[in-house]
Amino acid sequence: MGLGVYFDNYIFVLLFMFLGVALPVGALTFGRLVRPNNPYPTKLTTYESGIEPTGDAQVRYHVAYYIVALEFVIFDVETVFLYPWAVALGELGWVGLNAGLIFIAILGLGLAYSWKKKVLEWN
Amino acid sequence: MVPITLYLSLAAILFCVGLYGVLTRRHLVIVLASVELMLNAVNINLVAFSSIGPYADITGQVFTLFIISVAAAEVAVGLAILIALYRNRESIDVIKHDLLRW
Amino acid sequence: MSAYNANWSLMTPEIVLGILALVIFTIDFMTGVKGKKPFLGRMSIIALLVTAVLVYINRGAGTIADIFIVDHFSTMFKIILLVGVAIVIAISMHYLDKNDDVYQGEFYSLMLFAALGAMLMVSSADLITLYIGLELLSISSYCLAGFKKHNRKSTEGAIKYVVLGGTASAFILYGMSFLYGLTGTTSIIDISQVISSLYVDYPFIVVMSILFMLAGFGFKISIVPFHMWAPDVYEGSPTPVTAFLSVVSKIAGFAIVLRVFFTTFLGSEGVLYDEWTWIIAIIATVTMIVGNLIALTQKNIKRLMAYSGVAQAGYLLVPIAAIFIPSYSIGVIIFYSIVYVFMTLGAFAIITLVTEDSGRDDFSSFSGLYKRSPYMAIAMSVFLLGLAGLPLTAGFVGKAWIFISAAQAGMLWLAGVMFVTSVISFYYYFGVIKQMFMNEPNPNDVELKAPLSISVVVTIALAVTIILGVLPGLMIDWIAYIQW
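Residues numbered from 1 in each chain as written. Chains lettered and ligands numbered in written order. Predicted model: local features only at pLDDT ≥ 70, side-chain atom pairs only at ≥ 80, totals over all residues.

Description of the overall build of chain A
- Along its length, chain A carries 5 helices and 0 strands.
- The order of helices and strands in chain A, counted from the N terminus, is α-α-α-α-α.
- Within chain A, the fraction of its 123 residues that count as buried is 0%. (Helix = DSSP H or I, 4+ residues; strand = E, 2+ residues; numbered from the N terminus. Buried ≥ 20, exposed ≤ 12 C-beta atoms within 10 Å, placed from the backbone.)

Okay, structure coming up:
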């Protein structure tokens, strides 16, 4: 593939950029032109005909959330290995089954550790 | 079919955006997010090569799975250290962390 | 050969160390989170030494499905690393005894997992295995660097390490992704067979991927211009972790640089020989000069050791640049690695003892050490002079061998730079020695009692430094005739 072909391909990037900018801008402008404009106080509340919001929007989350979130990130991503393993288990046979079970056992050890360290308790 | 150079240039752009973020942003969470961006640029590269590369095979996708999971572990450790740092200093602004220099 | 009928027994030491690490981890959290646990430290040292013996027994050559390779090179580096980690754990037992606010058991299990990662790295014959080993080592090191979580310096050093380490990993992977894309394989052996024809077709991409990987690995072994993290992280980390970073991470990084670059980029007809030699030679020169010059201005012992470690990495790069015969260069590097491990760990054992006693880590905590503990002062002087390269220490023999190998390869200028910068390094090592012998102790510092673990480490390191300095033939003859 020559260098010319390589640079010609940038036309797609340009096209995407143009479309990506033009579509939302065009749609919003069109909407602004055709829609009626009639603001009044009730309409401007956050949830029209809903419950009045109370308190500050910027609340500090409890620190337990962060730790549980970290746990979640790790255990959630490990399923990346379990899905292909489960799909291909028939071909992998006993060796594959054992390998997967060892992996899950190590994960379980990690869970037991966080249990013992009282990460899972909500107080 | 979309040529592979497009995917590669997207990955290169993402990598550069991530590197720029690591070098310039002051908010540590965004710095960590930028590192993730760089790793995802690599993932795009690998997946592109493994599906329409000159020697396409499944290895690239397997590599990507490993990168995703290891990167998650890395960022979890990073965030845990970030929380410890915040508890010590009440700030996660890069500029304010200047105890260690020269 | 598929993964099913492969000879998995080659991986026995890794599997055993992995199981032992998990057992120690489990014992730790089952016996309560807090409290002192010296028995876990002893168990960890035994686990590491058992693994080292298994590595030696298992030294026959072979590969597992092109992902894992066992040869003389990996066996030698694994034994060096395992002994290094065992010594670091012996040092940390004293440290953890003094600091009971840190979680003791986790410290040991993280060290063991890091050792496992280093072993995987050294043995990897595949980019994926290499990455997994590298990250196992790196992530454990991030946790260890931030281990004093109520200390501002420790957490600040750790966050710098995580951010920059993650960036370095991204660089390595970006380089690897191009190698994979051009070859369709992640096996280092397969890549090495096609790299020369690849270089003819795509010179730009191949050189780019080399440079990306070099930048990432350069970070891990802290060579200039990728060294800026080292002093900050070394200063912030607990002292045994500093020892760990400056020995285990660095030697494992060098092992992998050798493995990847010798097999991949040199293995095939030396197409890239000239480019490669010049890039490394320039980096080595800059690393030696910058490391030694900045070390002159340091007032903190841990930062001094960081810059001294940068300079040592520069010396270790010299034989890589000046490849006369690859297997000869590997012998030179292995000898210097052994010497470096013992001298550095001996010095760090004494630094841990002194800084934990005084609570400060600037030079003044060393003042009058000779009057407080003559043995420790003399041993520290031997280690520092060895790192500088005084004759009759092992450091001199290592440096002389590097010097000769560079001269044989026709790179006399590189050997000259090494000589001049080594002379500069005497100045800053003498600064510490002067504090120990010439100055009076601080008024409230009394006689220093060394615990058993520190004394043993110092004595072993001292013995190796002097024996290999006086009778280097014992080891050189043995190393020089191994076909790597």
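Things to note about the overall build of chain C
- Helix and strand content of chain C: 19 helices and 2 strands.
- Its C-alpha atoms give chain C a radius of gyration of 22 Å, near enough to 23 Å, the size a compact globule of 484 residues would have.
- Considering only C-alpha atoms, chain C reaches an extent of 70 × 55 × 40 Å along its principal axes.
- By residue count, 61% of the 484 residues in chain C fall in the buried class. (Rg over C-alpha atoms; globule rule 2.2 N^0.38 Å.)

Here's the deal with the interface of chain A and chain C
- Every contact between the two is made by 6 residues of chain A and, on the other side, 5 residues of chain C.
- When its residues are assigned to classes, the side of chain A that touches chain C shows 4 nonpolar, no polar and 2 charged. (Contact = placed C-beta atoms within 7 Å. Nonpolar A, V, L, I, M, F, W, Y, C, P; charged D, E, K, R; others polar.)

Digging into the confidence of the model for chain A
- Looking at chain A as a whole, the pLDDT averages 82, with 87% of positions reaching at least 70.
- Helix H5 (residues 89–116) of chain A holds the highest mean pLDDT among the elements of chain A, 89, whereas helix H1 (residues 3–8) of chain A holds the lowest, 60. (pLDDT = per-residue confidence, 0-100.)

Some points on helix H9 (residues 229–236) of chain C
- The buried count for H9(C) comes to 8 of 8 residues, which makes it a mostly enclosed element.
- Inspection of H9(C) places C:Trp229, C:Ala230, C:Pro231, C:Asp232, C:Val233, C:Tyr234, C:Glu235 and C:Gly236 among the buried residues, and these make up the whole buried set.

Things to note about the interface of chain B and chain C
- Residue-level contacts link 35 residues of chain B with 34 residues of chain C.
- Ranked by residues supplied to the side of chain B that touches chain C, first place goes to helix H3 (residues 59–89) of chain B with 16 residues.
- Grouping the constituent residues of the side of chain B that touches chain C by class yields 25 nonpolar, 7 polar and 3 charged.

Notes on the nonpolar core
- If you look at the biggest cluster of nonpolar residues, it comprises 217 residues, and the most contacted ones within it are C:Leu81, C:Met111, C:Ala115, C:Leu345 and C:Leu414.
- With 20 residues, the single largest contributor to this core is helix H13 (residues 326–358) of chain C. (Core = buried A, V, L, I, M, F, W, Y, C linked by C-beta atoms within 7 Å.)

Section: helix H6 (residues 152–183) of chain C
Residue and element names in this part refer to chain C.
- Taking 1.5 Å of rise per residue, the 32 residues of H6 would be expected to cover 46 Å, and the 47 Å separating its terminal C-alpha atoms lies within 8% of that figure.
- Burial of H6 is extensive: 29 of the 32 residues sit out of reach of the surface.
- Just downstream of H6, Gly184 is the residue with a positive phi angle, here 75 degrees. (Expected span 1.5 Å × (residues − 1).)

A look at unusual backbone geometry
Residue and element names in this part refer to chain C.
- At the junction of Val224 and Pro225, the peptide bond is cis and its omega measures out at 5 degrees in the coordinates.
- Mapped onto the elements of the fold, Pro225 is located in the loop between helix H8 (203–220) and H9.
- Phi is positive for Ser222, which is not a glycine, with a value near 50 degrees.
- Following the sequence through the fold, Ser222 ends up in the loop between H8 and H9.
- Taking the number of C-beta atoms within 10 Å as the measure of exposure, Ser222 has 28 and is therefore buried.

Regarding the packing of H3(B) against helix H5 (residues 127–145) of chain C
- For the pair H3(B) and H5(C), interaxial distance at closest approach is 10 Å and the crossing angle is 5 degrees. Classified by the angle between their axes, H3(B) and H5(C) sit roughly parallel to one another. Where H3(B) abuts H5(C), its residues B:Phe63, B:Phe66, B:Val70, B:Ala73, B:Glu74, B:Val77 and B:Ile81 lie against C:Ile128, C:Tyr131, C:Ile132, C:Glu135, C:Ile139, C:Tyr142 and C:Cys143.
- Tallied by class, residues from the contact of H3(B) with H5(C) come to 12 nonpolar, no polar and 2 charged. (Axes fitted to C-alpha atoms, helices over the stretch in contact; angles between N-to-C directions. Parallel < 35°, antiparallel > 145°, perpendicular 65-115°, else oblique.)

Let's talk about the confidence of the model for chain C
All names here are of chain C.
- Within chain C, residue pLDDT values average 88, and 96% of them lie at 70 or more.
- The least confident element of chain C is helix H19 (residues 473–480), whose mean pLDDT is 81; the most confident is H5, at 94.
- At the level of chain-chain contacts, confidence expressed as ipTM amounts to 0.94, with global pTM at 0.88.

With respect to the packing of H5(C) against H6(C)
All names here are of chain C.
- The geometry of H5 relative to H6 is characterised by a closest axis approach of 10 Å and an angle of 175 degrees between their N-to-C directions. Relative to H6, H5 is oriented roughly antiparallel. Side by side, H5 and H6 meet where Leu127, Tyr131, Glu135, Ser138, Tyr142 and Ala145 of the first sit next to Gly157, Ala158, Tyr161, Val162, Gly165, Ser169, Leu173, Met176 and Tyr180 of the second.
- Its residues placed into classes, the contact of H5 with H6 shows 10 nonpolar, 4 polar and 1 charged.

Quick notes on the environment of C:Ala415
Residue and element names in this part refer to chain C.
- If you trace the backbone, Ala415 turns up in helix H17 (residues 412–438).
- Ala415 sits in the buried class, given 20 other C-beta atoms within 10 Å.
- Spatially, the C-alpha atom of Ala415 lies 9.7 Å from that of Lys399, the residues being 16 residues apart in sequence.

Some details on the environment of C:Phe366
Residue and element names in this part refer to chain C.
- Within the secondary structure, Phe366 is located in the loop between H13 and helix H14 (369–372).
- With 29 C-beta atoms packed within 10 Å, Phe366 lands in the buried category.
- Excluding its chain neighbours within four sequence positions, the residues that come into contact with Phe366 are Val354, Val432, Gln435 and Met436.

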